[in-house]
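Close look at the chain arrangement
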Amino acid sequence: MEKFVILGGAKLAGEVNISGAKNSAVALIVAATMVKGVCVIENVPEVTDTYVLAEIINKLGGRAEFTSKGTITIDCTNLNCYEASYDMVGKIRASSYLMGALLGRFNHAKVALPGGCDFGVRPINLHLKAFTALGATHSLDYALVDIQAERLVGTSIYMDQVSVGATINAMLAATLAEGITIIENAAKEPHVVDVANFLNSMGANVKGAGTDVIKIKGVEELHGGTYSVIPDQIEAGTFMIAAAATGGDVVIKNVIPKHLDSLSAKLMEMGVNVEEHDEAVRVYVDKPLEKAKVNTMPYPGFPTDLQPQMVALLTKAEGTSIVTENVWDNRFQYINQLARMGAQITVDGRVAIIEGVGKLKGAPVSSTDLRAGAAMVIAGLMADGVTEVFNLKYIDRGYEDFVQKLKGLGAQITRRVVEDEEIVETIA
Ligand code: EPU
């Protein structure tokens, strides 16, 4: 087991390059299982989630390997298995995309219910509703979801709730279905658009991604090609918040500034300076931070995946801030960890009320999920003294070269092995 050791107080300064979007890359890697041919996907972050998916593809009879830094080459011409068991997929959430992709390819998918970060109920009813509309039936057998169809036929699918995963899964299955599928109330996240662009570059016919109506004309088969993943909106946002939290001055490069609009607007409201350039944003601070009200929403709203990092930042703002989590029903589990550092936050259901305390104090804390882990790192960078962040497995799932990138900006952070006697029961 390993931990981060952070000495707080350094103002982050300089330039950082943002990696490809983790949440897009995981969908594209799975989408490649529908392609009979070679897909070369560039700008893929090398994190646990993308490594695990490459392993899964190899176990299913395809071939996937990182052929150079950030480039994965996938050949699923001979993929011959539609069953992904729990020991294969249990570790990650994105494995649910195997349902849509394998169903599209084989008219049959047997996939264990996925794992991933735990912050409340993570249902797949909308995914199943989409598959059913396309003509499939499903049953559950020892946590394996067995979905099959004689053939998939295009149809109209209305999503009762905006869901990134269900939208992508419906798109995947519909791509190889007969006829036209229309997805209404679709998610509009940048990675939904990226998946549509990837599929189109491999011969699919998907229109409207990025709006709430997506139209897919099924095609017989997909061909190989080369595609580059969009920049990671959430990694970029994490560095923007870290820059603001440390009173620093950072240029965050290789981003699409439009994807960051909701965060940029909120930071500016708080008195942080945000300058947009073509493929970069500069974030710097020259005055005390003001309180804010933040409401997480599906894109283009404020992303839930930046909520914990934002809460860490707001502990520094003057006055009382209010953060409402509208996407997940239990995404405040990390608040207890911030409280160990002196944060004053009360949670009432989906609302967190944050009293600005000026400075946090270093403490041993645990990372309770991927973005909460990033929030702990930001809190450690802001705090007086030393903070140790334990349980790094979540952070490793989604942030490429996190320590190196932070060090490049002047952060005092190292990764160390945890000695047995250090494992403190209360923070596990
Ligand atoms: N929902 C349902 N039924 C479903 C599917 C979703 O009720 O069948 C609900 C969920 O319970 C939740 C809401 O719809 O309340 C949104 O869930 P969504 O399906 O959009 O989430 P997801 O696809 O499982 C992706 C990201 C998450 C991110 C959410 C929301 C990936 C691999 N994961 O999850 O990212 O929080 O969208 O934007 O793309 C992260 O990166 O840390 C992360 C958790």
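Quick notes on the rules
Residues numbered from 1 in each chain as written. Predicted model: local features only at pLDDT ≥ 70, side-chain atom pairs only at ≥ 80, totals over all residues. Heavy atoms only, no water. Pairing = 2+ DSSP bridges. Helix = DSSP H or I, 4+ residues; strand = E, 2+ residues; numbered from the N terminus. Axes fitted to C-alpha atoms, helices over the stretch in contact; angles between N-to-C directions. Contact = heavy atoms within 4.5 Å. Parallel < 35°, antiparallel > 145°, perpendicular 65-115°, else oblique. Nonpolar A, V, L, I, M, F, W, Y, C, P; charged D, E, K, R; others polar. Near = heavy atom within 4 Å. Polar contact = N/O pair within 3.5 Å; in protein donor to acceptor, adjacent residues only side chain to side chain. Areas by Shrake-Rupley, 256 points an atom, 1.4 Å probe, with all protein chains shown as cover. Domains from an automatic or database assignment. Buried < 20%, exposed > 50% of the residue type's maximum accessible area, 1.4 Å probe, protein only. Left-handed = near helix turned anticlockwise from the far one by under 90°. Expected span 1.5 Å × (residues − 1). Buried area = accessible area lost by both parts, 1.4 Å probe.

Pairing is mixed across the open sheet formed by four strands, whose spatial order is E4-E5-E3-E14. Looking at strand neighbours, the two that pair on one side only are strand E4 (63-68) and strand E14 (225-228), the edges of this open sheet. Going from strand to strand, the sheet's axes swing by 20° on average, the running direction of each strand aside. Of the strand pairs in this sheet, strand E3 (residues 38-42) and E14 are connected by four bridges, and their pairing is parallel. Opposite Val40, over in E14, you have Thr226 as the bridge partner. Sheet strands in contact with helix H7 (residues 190-201) are E3 and E14, and its direction is about 160° off that of E14.

What follows covers the pairing of strand E20 (residues 344-348). By the bridge criterion, five bridges tie E20 to strand E21 (residues 351-355) in an arrangement that is antiparallel. Considered in E21, the bridge of Asp348 is made with Val351. Adjacent in sequence and paired antiparallel, E20 and E21 are bridged by two residues, among which Gly349 carries a positive phi angle near 60°.

Turning our eyes to something else, we now look at the packing of helix H4 (residues 97-106) against helix H6 (residues 164-175). Contact geometry of H4 with H6 gives a least axis separation of 7 Å together with a crossing angle of 10°. In terms of orientation, H4 lies roughly parallel with respect to H6. Residues Tyr97, Met99, Gly100, Ala101, Leu103 and Gly104 of H4 touch H6, and the partners they reach there are Val164, Gly165, Ile168, Asn169, Leu172 and Ala173. A breakdown of the residues in the contact of H4 with H6 according to their chemical character gives eight nonpolar, four polar and no charged.

Among the secondary structure elements, Asp396 is positioned in helix H13 (residues 393-398). Separated by 349 residues in the primary sequence, Asp396 and Val47 have C-alpha atoms spaced 6.0 Å apart. With residues up to four places along the chain from it excluded, the contact list for Asp396 reads Val47, Thr48 and Arg415.

Let us look at the site of the ligand. Surveying the vicinity of the ligand reveals 25 residues, the closest of which are Asn125, Ser163, Val164, Asp305 and Val327. Contacts to the ligand include Gln161, whose side-chain N or O atom sits 3.2 Å from an oxygen atom. The backbone of Gly165 places a nitrogen or oxygen atom 2.8 Å from an oxygen atom of the ligand. Relative to its free-state accessible area of 830 Å², the ligand is covered by the protein chains to the extent of 91%. Of all elements in the fold, only helix H1 (22-31), helix H5 (125-133), H6 and helix H12 (370-382) reach the threshold of two or more residues within the shell around the ligand. Residue contributions to the shell around the ligand peak at three residues, all from H5. The two domains that each donate at least three residues to the shell around the ligand are domain 1 (2-17 + 289-427) and domain 2 (22-217).

Once that is clear, we can look at the pairing of E3. Only one face of E3 is buried, namely the one carrying Cys39 and Ile41, since none of Val38, Val40 and Glu42 on the opposite face is buried. Where E3 meets strand E5 (residues 71-75), four bridges bridge the pair, whose relative direction is antiparallel. Bridging from a neighbouring strand, Cys39 pairs with Ile74 of E5.

For the pair helix H8 (residues 233-245) and H12, the least separation of the axes is 9 Å and the interaxial angle reads 20°. Comparing their axes, H12 and H8 come out roughly parallel. Seen from above, H8 lies across H12 with right-handed handedness. Listed contacts from H12 to Ile234, Thr238, Ile241, Ala242 and Ala245 of H8 are Arg371, Ala374, Ile378, Leu381 and Met382. Considering only residue class, the contact of H8 with H12 consists of eight nonpolar, one polar and one charged.

The first and last C-alpha atoms of H6 sit 17 Å apart over twelve residues, in line with the 16 Å expected at 1.5 Å per residue. In terms of burial, H6 is largely enclosed, as eleven of its twelve residues are buried. Among the residues of H6, those classed as buried are Gly165, Ala166, Thr167, Ile168, Asn169, Ala170, Met171, Leu172, Ala173, Ala174 and Thr175. Capping the start of H6, Ser163 holds a side-chain oxygen 3.5 Å from the backbone nitrogen of Gly165, two or three residues further along.

Turning our eyes to something else, we now look at the domain arrangement of the protein. Structurally, the protein comprises domain 1 (2-17 + 289-427) and domain 2 (22-217). If you average the C-alpha positions of domain 1 and of domain 2, the two centres end up 31 Å apart. Counting residues at the interface gives 19 residues for domain 1 and 21 residues for domain 2. Of the roughly 1,700 Å² buried at the junction of domain 1 and domain 2 (both faces included), carbon and sulfur atoms supply 51%.

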